[in-house]
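Remarks on the overall topology
Each chain is listed here by its residues.
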Amino acid sequence: MSTYRPWERQENEPDKAWSAWRTFRDTRDKIKTAQILGITPTTIRNYAKKYDWSDRVREYDRYIDRETQQAEIDAVAEMRVRHVRLSQDIQETAAAMLARLAEDPDAKVTPKQAAEMLDLGVKMERLARGEAESKTEVSSTVRQLPQETVNRIKEIPDDVRRAFTLALGKKG
């Protein structure tokens, strides 16, 4: 059973009335619709009344608004996932840089650069997750990263990490 959508073609709606409805839906002007289609304004008014254009256009607008809002919600969710992945990659790269510094004090990256990169990654992740950029309260609760997050970290390509490392190496 299909969902009733008043803005779609109605049962027994003739081709001319359907074409007029679509033109009106897009122009929102009965006179302009009549002019575009070469139909009398009286015919347009009759179609509008018989096929309930005022309700159809209202329902169409509600539908478009819902779809637009959902698309925006989905886009924000996708953006957050990308930002979390990127921020975790930055954190991994910074941790690798700090480890390298411990092994090679003459590395091209300074401890300050590695620490700044780590701080950037942490702040980015907090913002991407909807948290404050920093917290001032002290908590004794330690949370382990969810397995899904750990898996996502593992999916970050090596070339992305290398790009960050190279970018920092050129600044130092």
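As shown above, the structure is provided for reference.
This section reports on the structure supplied with the text. Every value quoted in this text rests on a predicted model; they were computed, and no experiment measured them.

Some details on the nonpolar core
Residues Ala20, Trp21, Phe24, Ile44, Tyr47, Tyr51 and Trp53 are the most contacted members of the largest nonpolar core, which totals 15 residues. For this core, the elements supplying multiple residues, two or more each, are helix H1 (15-27), helix H3 (41-50) and helix H4 (53-103). The biggest single contributor to this core is H1, with five residues. Tryptophan 21 has contacts with Trp7, Glu13, Trp53, Arg56 and Val57, leaving out every residue within four places of it along the chain. One finds Ile90, Ala94, Met97 and Leu101 within the second-largest nonpolar core, a separate group that totals seven residues.

Description of the packing of aromatic side chains
By the definition in use, this model includes six aromatic pairs. Ring centres of phenylalanine 24 and tryptophan 53 lie 5.0 Å apart, and the angle between their planes is 20°; this geometry places the pair in the stacked category. Here the residue phenylalanine 24 occupies a position in helix H1, and tryptophan 53 occupies one in helix H4, the gap between them amounting to 29 residues. Comparing phenylalanine 24 with tryptophan 53 shows no difference in burial state: the two are buried. Members of the aromatic cluster, connected to one another through ring pairs, are Trp7, Tyr60 and Tyr63. Here arginine 25 stacks its cationic end above the ring of tyrosine 60, 5.3 Å away from the centre of that ring. For the cation-ring pair, arginine 56 lies above tryptophan 21, with the distance from its terminal atom to the ring centre recorded as 4.5 Å.

What about the packing of helix H2 (residues 30-37) against H3?
Helices that pack against each other are described as a pair by the angle of their axes relative to one another and the distance between those axes. Relative orientation of the contacting elements H2 and H3 amounts to 120°, with a least axis distance of 9 Å. One element, H2, and the other, H3, form an angle in the oblique class. Crossing geometry of H2 relative to H3 is assigned as right-handed. Contacts between H2 and H3 pair Lys30, Ile31, Thr33 and Ala34 from the former with Pro41, Ile44 and Ala48 from the latter.

The rules we used
- Residues numbered from 1 in each chain as written.
- Predicted model: local features only at pLDDT ≥ 70, side-chain atom pairs only at ≥ 80, totals over all residues.
- Heavy atoms only, no water.
- Core = buried A, V, L, I, M, F, W, Y, C linked by side-chain atoms within 4.5 Å.
- Buried < 20%, exposed > 50% of the residue type's maximum accessible area, 1.4 Å probe, protein only.
- Helix = DSSP H or I, 4+ residues; strand = E, 2+ residues; numbered from the N terminus.
- Contact = heavy atoms within 4.5 Å.
- Phe/Tyr/Trp six-rings, centres within 6.5 Å; stacked < 30°, edge-to-face > 60°.
- Lys NZ or Arg CZ within 6 Å of the ring centre and 35° of its normal.
- Axes fitted to C-alpha atoms, helices over the stretch in contact; angles between N-to-C directions.
- Parallel < 35°, antiparallel > 145°, perpendicular 65-115°, else oblique.
- Left-handed = near helix turned anticlockwise from the far one by under 90°.

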